[in-house]
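Descriptive structure summary
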Amino acid sequence: MRHLLKVLCFAIILIILTVSFSSSFTRVNLDNIAVVVAIGMDKADNNNLKVCFQFTNPSSISESGAFETSDSVLKTVTAPSISSAINLMNSYLGKELTLAHCKLLVFSEELAKSGIGNSIYTLMNDAQVRPSCNIVISKTSAEYYIDNSEPDLEPLLSKYYELFISSNQFTGYTANATLGKFFDNMICQSCDPYAILGDSENIGLAVFREGVLVGELNATETLAFTCIDNHLKGFLVSVPNPQVENQNIDIYLTPKRNTKIDISFVNGSPYIKIDCRYSGQIYSMTNDSNYLDPDILEQISDACNRYLRSVFTDYLYKISKEYKSDINSLGKTSLKLFPTIEQYEDYGWREHFQDSFFDVNIETNVKSSSLLSDS
Amino acid sequence: MADSKITSKEAIMLIVTIFVSHTIVTLPENLLSNTKSATLINLIYLGIIVSLLAYVIYRLLKNFASLDIIDISEYLGGKVLKNIIGGIFIAYFIVTSSNLLREFCEGLRVAFFPMTDILSILIPFVIMLFVTNYLSFSSNVKAVSLIFPLVIASIIFLFFGNFKNFSFERMFPILGKGFTDTFITGLGNIFAFSGISCLYFIPPYLKDPSKMKQISLTSVVIGLLYFLFCTATVLLLFSFFVDVDEVLPLFSAASYIEFGVFFQRLESFFMLVWILEIGAYLMITNRFSISIFQKMTSIKYQRPLSMIFPLLVLGIALLPKNYSVIRFLETNIYAYFIIAIVFVLGISILVLANLKKKKERKV
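Residues numbered from 1 in each chain as written. Chains lettered and ligands numbered in written order. Predicted model: local features only at pLDDT ≥ 70, side-chain atom pairs only at ≥ 80, totals over all residues.

Helix-helix packing: each pair is described by the crossing angle between the helix axes and the interaxial distance. Residue and element names in this part refer to chain B. Remark: helix α4 (residues 69-111) packs on helix α13 (residues 323-362), axes separated minimally by 10 Å, with the N-to-C direction vectors making an angle of 160°. Accordingly, the angle class assigned to the pair α4 and α13 is roughly antiparallel. With respect to the hand of their crossing, α4 and α13 are arranged in left-handed fashion. Looking at the contact of α4 with α13 residue by residue, the class counts come to 18 nonpolar, four polar and five charged. (Axes fitted to C-alpha atoms, helices over the stretch in contact; angles between N-to-C directions. Helix = DSSP H or I, 4+ residues; strand = E, 2+ residues; numbered from the N terminus. Parallel < 35°, antiparallel > 145°, perpendicular 65-115°, else oblique. Left-handed = near helix turned anticlockwise from the far one by under 90°. Nonpolar A, V, L, I, M, F, W, Y, C, P; charged D, E, K, R; others polar.)

Let us look at helix α5 (residues 118-134) of chain B. If you check α5 of chain B, its first and last C-alpha atoms are 25 Å apart, about what 17 residues at 1.5 Å a residue would give, namely 24 Å. Where α5 of chain B is concerned, the buried positions are Ile121, Leu122, Phe125, Val126, Leu129, Thr132 and Asn133 of chain B. (Expected span 1.5 Å × (residues − 1). Buried ≥ 20, exposed ≤ 12 C-beta atoms within 10 Å, placed from the backbone.)

Structurally, chain A comprises domain 1 (20-164) and domain 2 (228-369). Look at where the C-alpha atoms of domain 1 of chain A and domain 2 of chain A centre, and you get two points 37 Å apart. (Domains from an automatic or database assignment.)

Once that is clear, we can look at the interface of chain A and chain B. At the junction of the two partners, chain A supplies 27 residues and chain B supplies 30 residues. Where the side of chain A that touches chain B is concerned, the elements lending two or more residues are α1 (2-27), α8 (179-187), α11 (331-334) and α12 (341-347) of chain A. Of the residues forming the side of chain A that touches chain B, the biggest block, seven residues, is contributed by α1 of chain A. Here the residues of the side of chain A that touches chain B are counted per class, giving twelve nonpolar, eight polar and seven charged. (Contact = placed C-beta atoms within 7 Å.)

The next point concerns the nonpolar core. One finds Leu101 and Ile196 of chain B to be the most contacted residues of the largest nonpolar core, which totals 104 residues. Residue contributions to this core peak at 14 residues, all from α4 of chain B. In this structure, Leu101 of chain B is in contact with Leu122, Phe125, Ile278, Leu282, Val313 and Ala317 of chain B, ignoring residues within four places of it in sequence. Of all hydrophobic cores here, the second largest spans 89 residues; its members include Leu97, Leu123, Tyr145 and Phe164 of chain A. (Core = buried A, V, L, I, M, F, W, Y, C linked by C-beta atoms within 7 Å.)

This part takes up unusual backbone geometry. Leaving glycine aside, a negative phi is the common case for residues, and trans is the common case for peptide bonds. In this chain, Phe172 of chain B is followed by Pro173 of chain B through a cis amide linkage whose omega measures -5°. Tracing the backbone shows Pro173 of chain B in the loop between α6 (137-161) and α7 (179-184). Here the phi dihedral of Asn267 of chain A falls at roughly 50°; this positive angle occurs in a residue that is not glycine. Topologically, Asn267 of chain A is positioned in the loop between β12 (260-266) and β13 (269-282). The backbone of Ala65 of chain B sits at a positive phi, close to 45°, despite the residue not being glycine. Tracing the backbone shows Ala65 of chain B in the loop between α3 (39-62) and α4.

Put into structure tokens, the structure is as follows:
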């Protein structure tokens, strides 16, 4: 009897729990959800947003369960906010949108110029959206960008969106700009957010100040950004050949250590010293190259130093004077100079960053060429 | 009682479990909002103070062998004081555990069960309490001993998994809101060490009461290290100058952990461990509450109470109208409530009882 009572109790509890939690599980049932892999946002009339959602196409899954193509479905709605757009799309599709697998957020340049702060807050507030989701600012409309993102070498669209910027670690022409990082930099008082600049190719960065797009960086400037931010494992530069006029030499540089940033204040303005060390390997080879001569290697190293110093300095003055945006979070280094937060806030890093002056020191040690060292 | 005796290692795990549980919800955020970038220094400073207090509590309890604070209250002021102190500590355990449970379940609902009513999320915890209250205290503690290493491993994994995302500059400005806010008003953060309240109740359960000193100090040190790990994770990962309240900051931190494209979305694993931890916490506080009530009423068996206290926890957990009420209570009421009961009332009772004992010895 006692055993029967226990079984009965267990059965009742099981039924109660199954009924209680079924609504949440039904909501995430595969039959009831539409998996969004990318969201695009454009400006529409009357302060509305034109939001496009890219879904994985269920028909692209073969009977064996393996994905065959990267077929996708793109749907667009116009709504006052992103939440309303999701709601509208739920109603339109007859399925619930799940953003748990969303890998890409695309904002049009026009929308980004008017500010995307509120959309970022809304997306961070959504428990489904992952902080690792990449943010792209499209030079064209977001819808056009997503519609034309066709991976050539990757069968899965979601995987493509996840990996498409992975080359930045060895090119430096773009940077990993995730939603979590963007949000964090947006609310931080000593940094500013940035996003991937999307055009026909994803090269360059979009520079923000407090959630508003203020400018963009080209490939070389982005390289400077990634070097200072320690994003890179290595990168290729073409520097003027010290031995042959009007000829460049390609060198692959790898950081010897993380960039050293030192900040002090001179008459109230930040004086920022940046010290980078690289070791290099020469990629270019001609029939009269002699890379066994230490003097020649020394000259090439000096050429690298001059070139990178000029690129880094130009980049730093551009973000400080022109964009007034500390996307490298240099202000964080200055935090240790203030004993209290109140003193830091009174100083106002954001306001003073534009008065910064920079001293860039590059030390490159070009060691050798690759397979051939002398010809 | 014979099967209720626990070893000193189990006692340490039990105390640290109480320390740990509040960090899963908003404790790191509350600490950070009080002392900002100086929170790590503040915690080390508080750790030293709490270690001293733990030593003081050990010395004060030493004169009463295997008695807990309820027995000591009876010795000090008779049954009236015993009932008053017992009532206060029951209220403390029930109210804090109810609030913690509700807060955790609200987070669980946001993250995993958006369509489920809060009552349905609370009920499994209450059922768990029904079951565990029927078991012996030592089997409860053995369950805690199984969960405890997982919880500690989870927080260490959370810290090192996020290591690449940390900005160590966020430890500065070193004094946060200032010297006074860090070291004087920052003393208010001592509420984080509320787990020390277990020291008042643990002596009757110990197999070897002579190890009380080791238990007190080790649990505070482990608790402090745990606090440092979780607070550092939140501090170094998120910007804090603008207060953005997060329902479960450690859960958010877990969502940042990724190892390549294969090992992602580990937050569900963390949540599983934390559900077990919340269960362990509720189990301990429930057992202490029942034990206090048994002493107050002198009833022979605990089993008739094993359903009443979980239902009490459920009822109080359902009282706050919404999440903002829970946060208000957590940040504005409970911190002072904990300090008053655990650090002021508890130690005062022990000091007065020791004075009485000294007086009696002289006589």
